[in-house]
Structure formats: C-alpha cells, structure tokens
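Below are the chains, spelled out letter by letter.
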Amino acid sequence: MSTIVNIYTIIMKGMMTMHGLLSISQLAKLRGVTTETLRHYDRIGLFKPTYVDPETNYRYYSILQYEKLGTIKELKQLGFSLEEIQHYFDNRNLHQSYEMLKDKHQELLQYIETLKAQEESLGKKLAFINSLPPKSENLKPSITHLDQRAYITTGSEVSSNEDMGYCYTSLENMLDEVSPILATDRIGLMILTDPEKKYLLNRWIPYIFVNDNDAYYKYSKIFPEGLYGTITSYEGYENQQHAFDILTDYLAKHNFRVTGNPIMFFPIDLTITDASDELSFVMQIPIAPKD
C-alpha cells in the first residue's frame, strides 16, 4: 500500500511541476503575503490550496488561484473583514458584488464623517488650551459685557461632589457630540442663596454650556446678555469664598448691584490636569449700576 502512495506522490509532484503549482512560500512571495496568512485562510476555508502532500502536509497552489487571492487582498484594503470576504465569495454574482461594495462605500463615508468630526473636535481643544491666559497669582476682578449664553441643566440642587457627579453624568448623556467636555470650559455651577439672600458657596445647581441651536432648543435655558463682574482664580476650587469676597467688594466699591445668582465654570479642570495648582475657575455675577 505504501508503495502505491509513494508512486501517487511522485506522480502528483511531477504533475505540479508540469502544471506550474506553487509552494506556499512561492505564492506568498508572489502575492506579497505571509505564509501564515495563507495557512490561516486555509484553516477558515477562505482560500484553500490545490493540493496538500499527504506525507509532508505541504500546501501547493495553482497559479490560476492568483485572481482570487488578489481579490481577497483588495477587499481587505477596502476595509472588508474576513467574514465579509467569505460572504462576498458565497454564490457570487454581479448584483451581490455591487451591493456589498455599495454598502462598504456607505460605511466608509460614515467613517470619514466620524474622522472629520474627531479632527475638528481635537483642533478646537488644542486651540482652547493655547488660548488660555497665563497663570496669575493675583485675583483681578473686572466688569465684562457678555452676550447671552445657552445652557442645559436638570435644575437639581447639589451639595456634595458625589451628587455633582451624578448630575453631570445625566447632563453629559444629553450631549450628542464628539468629546463634548474634555479641554473645554463648558461645565459650570450656579451658586444658590438662602431665604435671606445670602449666597451659599456649598449649594449649587450644575449646568453645561451648549450652542444656542435647534439641537438643544427644547432643553436649553439662557444666561442673559449684560454686565457681569468677573474674576478668575488659580487657588483651587475650594477657595471660591476668597474669590467671591474679592469680587463682591470690588462691585460694591464701583457702585454695582447684583441682579442674579453668581455662576462659575472651569477652564482648566481635571479632564486635562491632575496638578492642583493648575486648576482654575471663573466666577461671574450678573450686575447693573446702582440707581
């Protein structure tokens, strides 16, 4: 029996030579793939050799298989997965090939739009960080005229970092944007008052600034246009009382009255630094000249 097998093997090897069969390494080199890639394609049934030597298990391929292997390579270059490529060759016809290529084209267009949105978002974040003013040790209050600004809020009052975390999570889930919070100054807090109109710097309503557009129209509220007393602090978030006292003293000396609740937002926050001496907040109080 072994004699018959040996004779068969000799005949087949002779036929391989006559008909131009290639070893796995020859085809791999010819087509610019690795031998392991061809072995994997064989294992999953995507691209099988013409002949496998029963004694050595060496794989041999026909040069006529170059076209299918080339098609596999090109489909991979177009972003097809091996599973999709398997399906591409199942009962293939012109209509099926067209539909699969069309679907992949649409998928690629959507991916390009995603990449564009990511690139635009990253560009804005880099520009934002580059626009930050240099750190100042002095707290310098000023009077600023600001346009109206839209924001979203749950309206929930919080008094702890834990409650704040839950509230901001709810708000961020409302934002259908690419990376809406990282390296921005959109997160803020409204400072509340007690019944005697005293400001409580440990009770807040969280908010997030949004573009005043149709996407947020039914959710958004407005901080009105007008004059605001403004101060920026690099002393850490826990020192808001110091900044508040400096700002309110400044407003009183310059004959302004407060017309609404103070707000804070955070240009340099924990999304971009762990250094406590780099963290900053801006405090703004709506004001009008005293009569």
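Residues numbered from 1 in each chain as written. Predicted model: local features only at pLDDT ≥ 70, side-chain atom pairs only at ≥ 80, totals over all residues. Heavy atoms only, no water.

**Student:** Explain the nonpolar core to me, please; I cannot follow it from the model alone.
**Tutor:** The nonpolar side chains of a soluble globular protein tend to be buried, and buried together. Counting residues in hydrophobic clusters, the biggest one holds 29 residues, and the most contacted among them are Tyr168, Leu189, Trp204, Ile208, Met264 and Met283. Those elements that provide at least two residues to this core are β5 (149–152), α7 (161–172), β6 (187–193), β7 (199–210), α8 (240–253), β11 (263–268) and β12 (280–289). When near neighbours in sequence (up to four residues on either side) are disregarded, isoleucine 208 contacts Ala150, Tyr151, Ile152, Tyr168, Leu171, Glu172, Leu175, Ile181, Arg186 and Ile187. Core analysis: the second largest hydrophobic core is formed by 18 residues, Ile24, Tyr41, Phe47 and Tyr88 among them. (Core = buried A, V, L, I, M, F, W, Y, C linked by side-chain atoms within 4.5 Å. Buried < 20%, exposed > 50% of the residue type's maximum accessible area, 1.4 Å probe, protein only. Helix = DSSP H or I, 4+ residues; strand = E, 2+ residues; numbered from the N terminus. Contact = heavy atoms within 4.5 Å.)

**Student:** Can you help me understand the side chain of glutamine 284 in this one?
**Tutor:** Tracing the sequence through the fold places glutamine 284 in strand β12. The exposure class of glutamine 284 is buried, given its relative accessible area of 5%. Beyond its immediate chain neighbours, meaning those up to four positions away, glutamine 284 contacts Leu146, Arg149, Tyr228, Gly229, Thr230, Pro262, Ile263 and Phe265.

**Student:** Is there a simple way to explain the pairing of β5 in this structure?
**Tutor:** On a regular strand, one side chain projects to one face of the sheet and the next to the other, so that they alternate. The alternating pattern of β5 places Arg149 and Tyr151 and Ala150 and Ile152 on opposite faces, both of which are buried. Note that β5 and strand β8 (residues 221–223) share three bridges and pair antiparallel. Residue pairing for β8: arginine 149 is matched across the bridge by phenylalanine 223. Where β5 lies against β7, three bridges are found, and the strand directions are antiparallel. Paired with alanine 150 across the bridge in β7 is valine 210. (Pairing = 2+ DSSP bridges.)

**Student:** Even after reading the chapter, I still don't get a nonpolar patch on the surface, so can you show me in this structure?
**Tutor:** On the surface, Leu108, Leu109, Tyr111, Ile112 and Leu115 cluster together into a nonpolar patch covering about 430 Å² of accessible area. Within the element layout of this structure, leucine 108 appears in helix α6 (residues 94–131). (Patch = residues over 30% accessible without salt bridge, like charges linked within 9 Å, V, L, I, M, F, W, Y side chains within 5 Å. Areas by Shrake-Rupley, 256 points an atom, 1.4 Å probe, with all protein chains shown as cover. Salt bridge = Lys/Arg side-chain N within 4 Å of Asp/Glu carboxyl O.)

**Student:** Would you mind going over the confidence of the model for the protein chain with me for this structure?
**Tutor:** For the protein chain, the mean per-residue pLDDT works out to 88, and 90% of the residues sit at or above 70. The spread of mean pLDDT over the elements of the protein chain runs between helix α1 (residues 2–19), the lowest at 47, and helix α3 (residues 35–43), the highest at 97. Scored below 50 in pLDDT, residues 7–12 makes five contacts in the model with residues more than four places away or belonging to other chains. Segment residues 14–18 is flagged for pLDDT under 50; beyond a separation of four residues in sequence, or across chains, it makes three contacts in the model. (pLDDT = per-residue confidence, 0-100.)

**Student:** Explanation requested: the environment of threonine 169 in the structure shown.
**Tutor:** By the secondary structure assignment, threonine 169 is in helix α7. Considered as a pair, threonine 169 and tyrosine 60 are 109 residues apart in the sequence and their alpha carbons are 59 Å apart.

**Student:** Explain the packing of aromatic side chains to me, please; I cannot follow it from the model alone.
**Tutor:** Throughout the structure, instances matching the rule amount to ten aromatic pairs. Measuring from ring centre to ring centre gives 5.6 Å for tyrosine 151 and tyrosine 207, while their planes differ by 65°; the resulting arrangement is edge-to-face. Here tyrosine 151, found in strand β5, pairs with tyrosine 207, found in strand β7; they are 56 residues apart in sequence, far enough to count as distant. Take tyrosine 151: its relative accessible area is 7%, and that puts it in the buried class. The interplanar angle of 15° and the centroid separation of 4.0 Å between the aromatic rings of tyrosine 151 and phenylalanine 223 together place this pair among those described as stacked. Taken as a pair, tyrosine 151 in strand β5 and phenylalanine 223 in strand β8 lie far apart in primary sequence, 72 residues in all. (Phe/Tyr/Trp six-rings, centres within 6.5 Å; stacked < 30°, edge-to-face > 60°.)

**Student:** Explain the packing of helix α5 (residues 82–89) against α6 here, please?
**Tutor:** Packed helix pairs are characterised by how far apart their axes lie and by the angle those axes make with each other. Relative to each other, α5 and α6 sit at 155°, their axes nearing to 9 Å. The angle between the axes of α5 and α6 places the two elements in the roughly antiparallel class. The hand of the α5/α6 crossing is right-handed. Contacts between α5 and α6 pair Glu84, His87 and Tyr88 from the former with Gln96, Ser97, Met100, Lys104 and Glu107 from the latter. Residue composition of the contact of α5 with α6, grouped by class: two nonpolar, three polar and three charged. (Axes fitted to C-alpha atoms, helices over the stretch in contact; angles between N-to-C directions. Parallel < 35°, antiparallel > 145°, perpendicular 65-115°, else oblique. Left-handed = near helix turned anticlockwise from the far one by under 90°. Nonpolar A, V, L, I, M, F, W, Y, C, P; charged D, E, K, R; others polar.)

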